Amino acid sequence: MDFIDDELAELKREGLYRELKIIEGEQGNRVRIGGREVILLSSNNYLGLASHPEIKKAAVSAIEKFGCGSGASRLISGSMELHKELEERIASFKKTESAILFNSGYTANLGVLSSICGKGDVIFCDKLNHASIIDGCLLSGAELKRYPHKDIDALERLIKLTPLSPPYIRGGARGGKKRLIVTDGIFSMDGDIAPLKEIVVLAKRYSAILMVDDAHATGVLGKDGRGTGEYFGLNDSIDIIMGTLSKAVGSFGGFVAGRKKLIEFLINKARSFIYTTSLPPSVIASSIAAIDIIERGDNLRDLLWKNVSYLKDGLTNIGFDIMGSESQIIPVFVGDTHRAVEMSQMLLKEGVFVQGIRPPTVPQGKSRLRVTVMATHSKADLDTALASFEKAGKKLEIV
Ligand SMILES: Cc1ncc(COP(=O)(O)O)c(C=O)c1O
């Protein structure tokens, strides 16, 4: 087992060693770390729902009514009324015929990609797609073609270079090989948005199945927060909408929304759906209560987008490169791995918690601080954060 010491030492040498930061108490715009209150700018709890009183109450009453565990996988005896209710609510929120729950967004991506695609099929995947998409592609055994980030011409060239034989029949029916294009809606480490209009054109032109990972867009993007499809007015052109309940929804779990027959297929084929105990009642009830709030509006998205503009303007005015962010995820470019760690530590000392993101999560030389904004940040939170960023940025000669 000496290799463990060697590999850990190497990670430390390269500035790539990772440690857990323990949050004391609940998740909010400010959290306690090591007994100190700090401003949290590293959470995907974008709408602040993870500790919303209405949602906490729903979870507690679900435990009282339905107990703590579901006892079995969905296809054995773990499908409770609450699972069905949440799936119907997700389908209605995403404006699709049907939806299916997974135990996380990660397992949703594994399950859907490895059941829809197999040997002989080809998956076209944006280079900056989330790791769970890559893992799902690898698990499927399909040929994986990664195209440069958001580069539509390169995607088309790749598709043309990959002719399928026998000719693809839409849906891959009766032995036909499939093409599938998969993209994040909002990219998780860059905060930019997929060029969905152009991707839809290519999917139609080349008879490819289109899958969008809406993990960061659900609850955030589009007039009613329904996600990337709503934002572009293209919901009906997406064959597979994948998402998570663990970010803006503030709860836990993953899902896939789409046509009824897609969901029927996944129930029968997706191994990460079939071979695991289903989500517990309290988690399901939290998600339902959160969707109630998101559908009601409650001004949360307006507050979020206002905070996003304020922080982006502030960071840009100081002189930081925010890497073309178009969303609540705002990368602050640093470049060097060690400097990213140093800046994150300096900010924490100042009372601002922002994680440095390093390879392999992002490419070499593109280390950054990944700032995420919440609807519940106050103006004072953002002003304090900006002052700390300016101080740390100047000290490290980034600005
Ligand atoms: C784009 C994207 N897809 C999928 C996931 C996985 O979702 P979950 O955290 O629910 O497993 C994440 C986040 O972790 C993500 O950023």
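Residues numbered from 1 in each chain as written. Predicted model: local features only at pLDDT ≥ 70, side-chain atom pairs only at ≥ 80, totals over all residues.

**Things to note about the overall build of the chain**
Item 1. Scanning the chain from terminus to terminus reveals 14 helices and 13 strands.
Item 2. A compact globule built from 399 residues should have a C-alpha radius of gyration of about 21 Å, and the chain, at 21 Å, falls within 12% of that.
Item 3. Principal axes of the C-alpha set define a box for the chain whose edges measure 65 × 55 × 50 Å.
Item 4. For the chain, the proportion of its 399 residues judged to be buried stands at 50%.
Item 5. Sequence separation of 24 or more characterises 69% of the internal contacts of the chain that already satisfy a separation of 6 or more. (Helix = DSSP H or I, 4+ residues; strand = E, 2+ residues; numbered from the N terminus. Rg over C-alpha atoms; globule rule 2.2 N^0.38 Å. Buried ≥ 20, exposed ≤ 12 C-beta atoms within 10 Å, placed from the backbone. Contact = placed C-beta atoms within 7 Å.)

**A word on unusual backbone geometry**
Most peptide bonds take the trans form, and the phi angle of most residues other than glycine is negative.
Item 1. Across the junction of Pro-359 and Pro-360, the peptide omega takes the value 5°, indicating a cis bond.
Item 2. The residue Pro-360 is located in the loop between strand E12 (356–357) and strand E13 (367–372) in this model.
Item 3. Its identity as a non-glycine residue notwithstanding, Ser-207 has a phi of 50°, on the positive side.
Item 4. Assessed through the 17 C-beta atoms surrounding it within 10 Å, Ser-207 is described here as partly exposed.

**Focus on the site of the ligand**
Item 1. In the vicinity of the ligand there are 14 residues, among which Ser-104, Gly-105, His-130, Ala-215 and Thr-244 approach most closely.
Item 2. Here the shell around the ligand is built from residues that sort into two nonpolar, ten polar and two charged. (Near = placed C-beta within 6 Å. Nonpolar A, V, L, I, M, F, W, Y, C, P; charged D, E, K, R; others polar.)

**Remarks on the packing of helix H12 (residues 300–318) against helix H14 (residues 379–395)**
Item 1. At a closest axis distance of 10 Å, the pairing of H12 and H14 adopts a crossing angle of 25°. As judged from the angle between their axes, H12 and H14 are roughly parallel. Here the hand of the crossing between H12 and H14 comes out right-handed. Contacts from Asn-307, Tyr-310, Leu-311, Gly-314, Leu-315 and Ile-318 of H12 reach H14 at Leu-382, Leu-386, Phe-389, Glu-390 and Gly-393. (Axes fitted to C-alpha atoms, helices over the stretch in contact; angles between N-to-C directions. Parallel < 35°, antiparallel > 145°, perpendicular 65-115°, else oblique. Left-handed = near helix turned anticlockwise from the far one by under 90°.)

**Section: the sheet that holds E12**
Item 1. Pairing in this open sheet of three strands is antiparallel, and the strands run E10-E13-E12 from one edge to the other. A single partner strand is all that each edge strand has here, and the edge strands are strand E10 (329–335) and E12.
Item 2. Relative to E13, E12 runs antiparallel, the two sharing two bridges. Each bridged residue has a counterpart across the sheet, and for Ile-357 the counterpart in E13 is Arg-368.
Item 3. Across the face of the sheet, helix H13 (residues 337–349) comes into contact with E10, E12 and E13 while running at roughly 35° to E13. (Pairing = 2+ DSSP bridges.)

By themselves, these are just geometric observations and shouldn't be taken as functional.
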